[in-house]
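Single-letter residue listing:
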Amino acid sequence: MGWTIGVLAVQGAFAEHTKILSQLSVNCLEIRKKEDLITDHIDGIILPGGESTVMGKLLVELDMLDLLKQMINDGLPVFGTCAGLILLAKRIVNDSHVYLGTMDIVAKRNAYGRQLGSFHTVADFKGAGEVPMTFIRAPYIEVTANKVEVLAEVDDHIVAARQDNMLVTAFHPELTNDTRLHEYFLAM
Ligand code: GLN
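Residues numbered from 1 in each chain as written. Predicted model: local features only at pLDDT ≥ 70, side-chain atom pairs only at ≥ 80, totals over all residues. Heavy atoms only, no water.

Looking at this model, I keep getting lost on the side chain of T176. Mind explaining?
Residue position: T176 is located in the loop between β12 (166-169) and α6 (180-187). Here the side chain of T176 touches P173 through a polar contact of 3.1 Å, landing on its backbone oxygen. Every residue in contact with T176, bar those within four places of it in the chain, is listed here: I20, H120, P132 and T134. (Helix = DSSP H or I, 4+ residues; strand = E, 2+ residues; numbered from the N terminus. Polar contact = N/O pair within 3.5 Å; in protein donor to acceptor, adjacent residues only side chain to side chain. Contact = heavy atoms within 4.5 Å.)

If you want it as structure tokens, here you go:
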């Protein structure tokens, strides 16, 4: 397809995203430092799962937070999975931090509690049909603004949404063999 997609690779499950993108014959660029965002052209970026607090702290330390925020506000397509969703949220109910804060969603971290730390389900994803969903100490979305389109719900909680150039899932599409959500993102 000739596109290059950046995958934020400072912490977390970035390798799994790279693998899926390769399966889809998309060029992949692991973003580890600010220069990677400046010198190479990317058509979109994936913010993987991991630990949002650690990733957020590293984005500040590596001086990447403001630039990335600006690129997203300027329209760079972004796909945030799990911790990536938390990084994009305008507010986090149980964390006083705001990281990129570009998306009009309120997220709850570790929202399923200790008992339901990890689980797997299959649910409808608007525009893609039934998709497998793997949740690992996942957040969910508590509130969205009008301009946010809800794409999937599990047990009455919003687990996927889109706002313009921003796509988020509370689950990990990169941990299944299903490439449809990455294809959905590429179509953006
Ligand atoms: N619990 C993590 C956080 O709050 C997210 C977990 C994940 O990305 N799998 O950042």
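After presenting the structure, the write-up continues.
Looking at this model, I keep getting lost on the site of the ligand. Mind explaining?
Inspection of the region around the ligand gives G49, G50, E51, S52, C82, A83, I86, R109, N110, I136, R137 and H172 as its neighbouring residues. I136 is positioned such that a nitrogen or oxygen atom in its backbone is 3.0 Å from a nitrogen atom of the ligand. When isolated, the ligand has an accessible area of 300 Å², and the protein chains bury 96% of it. When each cavity is represented as a set of grid points, the ligand is found to reside in the largest pocket. Grouping the constituent residues of the shell around the ligand by class yields four nonpolar, five polar and three charged. (Near = heavy atom within 4 Å. Areas by Shrake-Rupley, 256 points an atom, 1.4 Å probe, with all protein chains shown as cover. 1 Å grid on protein atoms, 1.4 Å probe; cavity = no way out; pocket = protein on both sides within 12 Å on 5 of 7 lines; lining within 4 Å. Sits in = over half its atoms within 2 Å of the grid points. Nonpolar A, V, L, I, M, F, W, Y, C, P; charged D, E, K, R; others polar.)

Help me out: how do you make sense of the packing of aromatic side chains in this one?
Note on aromatic pairs: each is described by the distance of the centres and the angle between the planes. As enumerated under the stated definition, the model contains seven aromatic pairs in all. Centroid distance F119 to F135: 4.4 Å. Interplanar angle 5 degrees. Geometry classified as stacked. With a gap of 16 residues between them, F119 in strand β7 (residues 118-125) and F135 in strand β8 (residues 129-136) connect regions that are remote in the sequence. Judged by relative accessible area, F119 falls into the buried class, the value being 16%. The class of F135 is buried, set by a relative accessible area of 0%. Ring geometry for F125 against Y184: centres 5.5 Å apart, planes inclined by 80 degrees, an arrangement best described as edge-to-face. One end of the pair, F125, is in strand β7; the other, Y184, is in helix α6, with 59 residues separating them in the sequence. Residue F125 shares its accessibility class with Y184, and that shared class is buried. Following the ring pairs from residue to residue traces out a cluster consisting of Y112, F119, F135, Y140 and F171. (Phe/Tyr/Trp six-rings, centres within 6.5 Å; stacked < 30°, edge-to-face > 60°. Buried < 20%, exposed > 50% of the residue type's maximum accessible area, 1.4 Å probe, protein only.)

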